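One-letter residues, chain by chain:
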Amino acid sequence: MQSSDNRPLNVLALCGSLRAASINAALLRAAARIAAPGADIEVADWLGRLPLFNPDLENVVDDRELPRAVKALHLAVDAADAILIASPEYAHGISGTIKNTLDWLVSFEPFIHKPVAVVNVSPRAHHADDALRETLRTMSAGLVGEASFAVELLGAHMDEDAMAASPAVADVVAQAIAALRAEIGRRASGDIPVFPLR
Ligand SMILES: Cc1cc2nc3c(=O)[nH]c(=O)nc-3n(C[C@H](O)[C@H](O)[C@H](O)COP(=O)(O)O)c2cc1C
């Protein structure tokens, strides 16, 4: 479903780090606080419960046979107007957590052309950012460049509260939400090809 009216934008935030003190997770939680009430950002903090991707597990006749966490992921993606992804770089690649999450979405039709923004909390770590964008393009996600941003938080020693209070973070989050809204608005007005988003 797309938000072309004044209701809050429903954004699903996927974090590629499972670390308790994750900078990526803190940024996503801070973004949720900054963006409210105009956007409702739900941080999926349960991606570690997804089983390792196995095509055999998704080839089920009845959706109810899917692993519970996979079904929850599908429902959350389907319900979201847009997706926000923040993933650390591990050994010049994206984290296993985010790759595993995306692998579960490769064959999930509602993800195709879904507006997606990517966040990089360490601009010098460009390998993971490049790889993430390549994977998303390959999956035909609706990557929104204007909504994607890098913000130098690695080594900044900022917790979630400090990020939520930071004017610089507030600026990029506001810009990202505005760009996602604009993209969704363009689709609704027919400015660009409209794809069957559910
Ligand atoms: C196993 C591992 C591999 C890493 N590899 C890289 C790397 O290749 N390039 C880089 O810039 N940072 C690398 N880092 C640093 C992380 O990207 C950085 O600590 C990031 O903040 C972790 O995200 P988080 O705070 O959300 O957990 C690595 C960290 C770990 C634990």
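Conventions adopted
- Residues numbered from 1 in each chain as written.
- Predicted model: local features only at pLDDT ≥ 70, side-chain atom pairs only at ≥ 80, totals over all residues.
- Heavy atoms only, no water.
- UniProt positions renumbered as here; feature names shortened; annotations may be inferred.
- Helix = DSSP H or I, 4+ residues; strand = E, 2+ residues; numbered from the N terminus.
- Buried < 20%, exposed > 50% of the residue type's maximum accessible area, 1.4 Å probe, protein only.
- Pairing = 2+ DSSP bridges.
- Near = heavy atom within 4 Å.
- Polar contact = N/O pair within 3.5 Å; in protein donor to acceptor, adjacent residues only side chain to side chain.
- Areas by Shrake-Rupley, 256 points an atom, 1.4 Å probe, with all protein chains shown as cover.
- Nonpolar A, V, L, I, M, F, W, Y, C, P; charged D, E, K, R; others polar.

*Asks:* Looking at this model, I keep getting lost on the UniProt feature "domain: NADPH-dependent FMN reductase-like" (unreviewed entry) in the protein chain. Mind explaining?
*Replies:* With numbering matched to this structure, UniProt assigns "domain: NADPH-dependent FMN reductase-like" (unreviewed entry) to residues 10–151. A helix fraction of 35% and a strand fraction of 22% characterise residues 10–151, whose end C-alpha atoms lie 23 Å from each other.

*Asks:* Can you walk me through the pairing of strand E3 (residues 82–86) in this structure?
*Replies:* Walk down a regular strand and you will see the side chains alternate between the two sheet faces. Within E3, five of the five residues are buried, which leaves the element mostly enclosed by the surrounding structure. Here E3 shows two buried faces, one formed by Ala82, Leu84 and Ala86 and the other by Ile83 and Ile85. Sheet analysis places strand E1 (residues 9–15) next to E3, joined by five bridges and oriented parallel. Residue pairing across strands places Leu14 opposite Ile85, the latter belonging to E3.

*Asks:* Could you clarify how one ought to interpret the site of the ligand in this entry?
*Replies:* The ligand sits among 13 residues. The nearest are Ser17, Arg19, Ser22, Asn24 and Glu89. Between the ligand and Arg19 there is a distance of 2.7 Å, counted from an oxygen atom to a side-chain nitrogen or oxygen. A total of 630 Å² of accessible area belongs to the ligand in isolation, and the protein chains cover 66% of it. Secondary-structure elements contributing two or more residues to the shell around the ligand are helix H1 (23–35) and strand E4 (89–90). Its residues placed into classes, the shell around the ligand shows six nonpolar, four polar and three charged.

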